[in-house]
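# Results of the structural survey
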Amino acid sequence: MYTQAMDTMGKDSGDAKKAVRSAEEMQLEERFDARIDAGDFIEAKDWMPEHYRKTLTRQISQHAHSEIVGMLPEGNWIARAPTLKRKAILLAKVQDEGGHGLYLYAAGETPGTSRDQLLDALHTGRAKYSSIFNYPTLSWADIGVIGWLVDGAAIMNQVPICRCSYAPYARAMIRICREESFH
């Protein structure tokens with residue numbers, strides 16, 4: 001996660017002054033990098049480079065948006081599920097996905113961006129979500145495919161995030177992965 005942002009350092013601004021770092025900033029970044037290399041967690045109030053903070057915000061918000069958008073295809077079938085038992089199961093699953101989005105929005109706020117800003121970025125197209133979670137569900141069988149393939153792939157991708165360097169995200173992901181495994 002952190003290394004992807006390193007490639008963009010200095011590209012965001014046309015200001016040459018912003019690319020110049022003080023000796024104090026360089027020391028802080030060396031200590032930060034040492035903590036990352038040692039496998040330590042970074043907490044919200046810890047010092048972090050701006051490009052790390054931007055990457056966190058982008059990745060966590062994309063993940064949160066994906067969880068919320070992921071509710072839509074299955075939520076569309078709650079009223080049309082073939083039995084009351086299946087309606088209840090589907091409702092619980094959709095509710096879980098909404099909760100996952102909320103955990104992630106809470107983690108996404110910790111680097112300093114408000115939830116309103118995160119949602120505004122999604123609504124204006126400045127933020128993205130994973131389109132895998134927004135396929136149309138034309139038949140009841142599509143719900144089974146989502147549960148098997150899409151949710152299965154999601155859990156495989158999400159388990160490693162439980163060990164990411166940013167502690168609020170890692171804690172949210174531990175809880176989410178436990179719940180996803182239950183689906």
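Residues numbered from 1 in each chain as written. Predicted model: local features only at pLDDT ≥ 70, side-chain atom pairs only at ≥ 80, totals over all residues. Heavy atoms only, no water.

### Structural notes on the side chain of Gln158
Heads up, the rule is: Secondary structure counts use DSSP, requiring at least four H or I residues in a row for a helix and at least two E residues in a row for a strand, with both numbered from the N terminus. Contacts described as polar in this section are N or O atom pairs within 3.5 Å, which, within protein, must combine one atom able to donate a hydrogen with one able to accept it, while residues neighboring in sequence count only if both atoms come from side chains. Residue contacts are defined here by distance: any two heavy atoms, one from each residue, within 4.5 Å place the two residues in contact.
Relative to the helices and strands, Gln158 resides in helix H8 (residues 140-158). Polar side-chain contacts of Gln158 include one of 3.3 Å to the side chain of Glu67. Not counting residues within four places of it along the chain, the set of residues in contact with Gln158 comprises His63, Glu67, Met173, Ile176, Cys177 and Glu180.

### A short note on the pattern of salt bridges
For clarity, the cut-off: A side-chain nitrogen of Lys or Arg and a carboxyl oxygen of Asp or Glu constitute a salt bridge if their distance falls within 4 Å. Here's how the labels work: a residue is buried when its accessible area is under 20% of the maximum for its type, exposed when over 50%, partly exposed in between, all with a 1.4 Å probe on protein chains only.
Taken as a whole and assessed by the stated rule, the structure comprises 7 salt bridges. Across the pair Glu109 and Arg115 runs a salt bridge, and its minimum N-O distance is 3.1 Å. Residue Glu109 is classed as partly exposed on the basis of its relative accessible area, which comes to 29%. Judged by relative accessible area, which is 26%, Arg115 ranks as partly exposed.

### Looking at a nonpolar patch on the surface
Our working rule: Surface patches are drawn from residues lacking salt bridges whose relative accessible area is over 30%; two like charges belong together within 9 Å, two nonpolar side chains (Val, Leu, Ile, Met, Phe, Trp, Tyr) within 5 Å. Under the convention used here, a 1.4 Å probe and the Shrake-Rupley method define accessible areas, while residue burial counts only the protein chains that appear.
The grouping of Val145, Trp148 and Leu149 at the surface amounts to a nonpolar patch, some 350 Å² of accessible area in total. By the element assignment, Trp148 lies in helix H8.

### What to know about the nonpolar core
Across soluble globular proteins, you tend to see nonpolar side chains buried next to one another. Test applied: What is meant by a nonpolar core is a set of buried Ala, Val, Leu, Ile, Met, Phe, Trp, Tyr and Cys residues, joined one to another through side-chain atoms within 4.5 Å.
Counting 21 residues, the largest nonpolar core has Met48, Tyr52, Ile60, Leu104, Tyr166, Tyr169 and Met173 as the members making the most contacts within it. Contributions of two or more residues to this core are made by helix H4 (50-69), helix H6 (84-109) and helix H9 (167-182). No other element matches the 6 residues that H9 contributes to this core. Not counting residues within four places of it along the chain, the set of residues in contact with Leu104 comprises Ile60, His63, Ala64, Glu67, Tyr169, Ala172, Met173 and Ile176.

### As for the packing of H6 against helix H7 (residues 115-123)
Relative orientation and spacing of two packed helices are given, respectively, by the angle between their axes and the distance between those axes. What counts is decided by this rule: Angles here are taken between N-to-C directions and fall from 0 to 180 degrees, while the axes themselves are lines fitted to C-alpha atoms, restricted in helices to the stretch in contact. Put simply, angles under 35 degrees are roughly parallel, angles over 145 are roughly antiparallel, angles from 65 to 115 are roughly perpendicular, and the rest are oblique. Crossing handedness: left-handed means the near helix sits turned counterclockwise from the far one by under a right angle, and right-handed means the same turn made clockwise. We call Asp, Glu, Lys and Arg charged. Ala, Val, Leu, Ile, Met, Phe, Trp, Tyr, Cys and Pro are nonpolar, and the rest, Gly among them, are polar.
Closest axis-to-axis distance for the H6/H7 pair is 9 Å, and the angle between their directions is 110°. Considering their axes alone, H6 and H7 lie roughly perpendicular with respect to each other. When the axes of H6 and H7 are compared, the crossing they make is right-handed. When H6 is examined against H7, the residues Leu102, Tyr105, Ala106, Gly108 and Glu109 are found in contact with a partner set consisting of Arg115, Leu118 and Leu119. Looking at the contact of H6 with H7, its residues break down into 5 nonpolar, 1 polar and 2 charged.

### Some words on the packing of H8 against H9
Contact geometry of H8 with H9 gives a least axis separation of 10 Å together with a crossing angle of 150°. One finds that H8 runs roughly antiparallel with respect to H9. Read as a crossing pair, H8 and H9 show a hand that is left-handed. When H8 is examined against H9, the residues Asp151, Ile155 and Gln158 are found in contact with a partner set consisting of Met173, Ile176, Cys177, Glu180 and Ser181. A breakdown of the residues in the contact of H8 with H9 according to their chemical character gives 4 nonpolar, 2 polar and 2 charged.

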